[in-house]
Amino acid sequence: MRESRHAIGVDIGGTKINIGLIDFRGHILRDITVPTMAKERRVMAQTIDGIRALLSESEAEADNAIPCGIGVGSAGQIDFETGTVISATDLLPEYAGTPIRAILEQCFGMPVYVDNDVNVLALSELYLSKEERLRDFICVALGTGVGGGVVTDGHLVRGVQGIGGEIGHISVDFRGPVCMCGGIGCLELYTSGTSIARRMGEKRGRLEACVEWSCREVVEQWLRGDTAATEVMEETIEALSAGLAGLIHTFNPAKIVIGGGVADAGEPLFTRLRLETYKRTMPAYCDATRIEPPLFGTRSGMIGAAIQVFRYGGAKQAENELRLKGRLIPWH
Ligand SMILES: [Zn+2]
């Protein structure tokens, strides 16, 4: 039997799930997006239905690309060793405890690897970047919530429990509002898509009753120069730059990757963000750290999720070592 060069990548977010058939170079053969339906407690049902739909589509179109495994990147704190959700915020009710790997392995009969969604975003940068020796960088995902992944010397920083890197819950205002995590003034309260929509609603609520805002609308209005949207986005950018400056001083990274739906705002956001971040950073650090969108845009998480299958499944020895140490082995 010929060795399979394809894997399924699944990116489970608070709002939607991206599922793709990916080759070992990170190319997407085909992909679909399904709603997460988190409030309806249908995250795994949606994931399974989505994978089935993708597989039957691939078969019908005669892709001739049978996947050798499934890689999942999921919101929430994930036990990488067991592929189980340790905890998740209220954005994904009753998701904690879900044995993602066991469910999908039983359903599809192939190896499954599960990690935090931003850790797999980091894998896509670590293994698919054309840059020579990109070994120290940080990923921040601004989506329904805010996630983070820190790579130092080619290793993902997992911490003693394997759930480190929660950049969204760094406090950027110790006198700020209380976060759902129990912290005060967390970065997520100012920079997630949810918080952007909420703060815009609060501003407009005084003038227009029952207006529901989406983050995309706020960004569009900001780019058109709307005063309220500008106030919301400037607060977002200042809070994020305060967090990023702290990370730059702590980790001295070559690059900070800002992904997630909010980053779709593109260059206007990145231009302001660089300015505000470098303003808060000691000059000696500024030149070394670039602030950029992900290599593969909003599809980076899905691609990085699939990379797990090639990285861990392809080299059994590396996988065993990985399980023993509970951390990544450098690619090179
Ligand atoms: Zn928090």
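You'll find the structure just up there.
Each value, and the rule that gives it
Residues numbered from 1 in each chain as written. Predicted model: local features only at pLDDT ≥ 70, side-chain atom pairs only at ≥ 80, totals over all residues. Heavy atoms only, no water. Core = buried A, V, L, I, M, F, W, Y, C linked by side-chain atoms within 4.5 Å. Buried < 20%, exposed > 50% of the residue type's maximum accessible area, 1.4 Å probe, protein only. Helix = DSSP H or I, 4+ residues; strand = E, 2+ residues; numbered from the N terminus. Contact = heavy atoms within 4.5 Å. 1 Å grid on protein atoms, 1.4 Å probe; cavity = no way out; pocket = protein on both sides within 12 Å on 5 of 7 lines; lining within 4 Å. Points joined across faces, edges and corners; volume = space filled by probe spheres on them. Domains from an automatic or database assignment. Pairing = 2+ DSSP bridges. Donors = N, O, S within 2.8 Å, 3.2 Å for Na, K, Ca; no water. Tetrahedral: all angles 85-135°; square planar, octahedral: opposite > 155°, others 65-115°.

Val-140, Val-218, Trp-222, Leu-244, Ile-256 and Ile-258 are the most contacted members of the largest nonpolar core, which has 38 residues in total. Mapped onto this core, the elements with two or more residues apiece are strand 8 (137-142), strand 9 (146-152), helix 4 (188-191), helix 5 (193-205), helix 6 (215-223), helix 7 (227-251), strand 11 (255-259) and helix 8 (267-279). Setting aside its immediate chain neighbours within four residues, Val-140 contacts Val-118, Val-146, Gly-147, Ile-167, Leu-244, Ile-256, Val-257, Ile-258 and Gly-259. Core analysis: the second largest hydrophobic core is formed by 28 residues, Ile-12, Leu-21, Val-34 and Val-112 among them.

Looking now at the layout of surface pockets. Taken as a whole, the largest pocket spans an internal volume of roughly 1,300 Å³. Of all the elements in the fold, those that place two or more residues in the lining of the largest pocket are strand 2 (16-23), helix 3 (117-128), strand 9, helix 5, helix 6 and helix 10 (300-313). No other element matches the five residues that helix 6 contributes to the lining of the largest pocket. Both domains that furnish three or more residues to the lining of the largest pocket are identified here as domain 1 (6-121 + 297-325) and domain 2 (134-292).

A separate point is the sheet that holds strand 10 (residues 155-156). Pairing in this open sheet of five strands is mixed, and the strands run 10-9-8-11-12 from one edge to the other. The outermost strands of the open sheet, each flanked by one partner alone, are strand 10 and strand 12 (290-292). Direction of pairing for strand 9 relative to strand 10: antiparallel, over a ladder of two bridges. Looking at strand 10, one finds that Val-151 is bridged to Leu-156.

Moving on: the coordination of the zinc ion. By definition of the ideal shapes, four donors in a tetrahedron about a metal sit 109.5 degrees apart, and six donors in an octahedron sit 90 or 180 degrees apart. Protein-derived ligands of the zinc ion are His-169 (ND1), Cys-179 (SG), Cys-181 (SG) and Cys-186 (SG), with the metal-ligand distances lying across 2.0 to 2.3 Å. Geometry at the zinc ion is tetrahedral, judged from the four donor atoms that bind it and their angles of 104 to 119 degrees at the metal. Judged by its relative accessible area of 22%, His-169 falls in the partly exposed class. On the basis of relative accessibility, which here comes to 45%, the residue Cys-181 falls in the partly exposed class.

Function-wise, these values are silent; they only describe arrangement.
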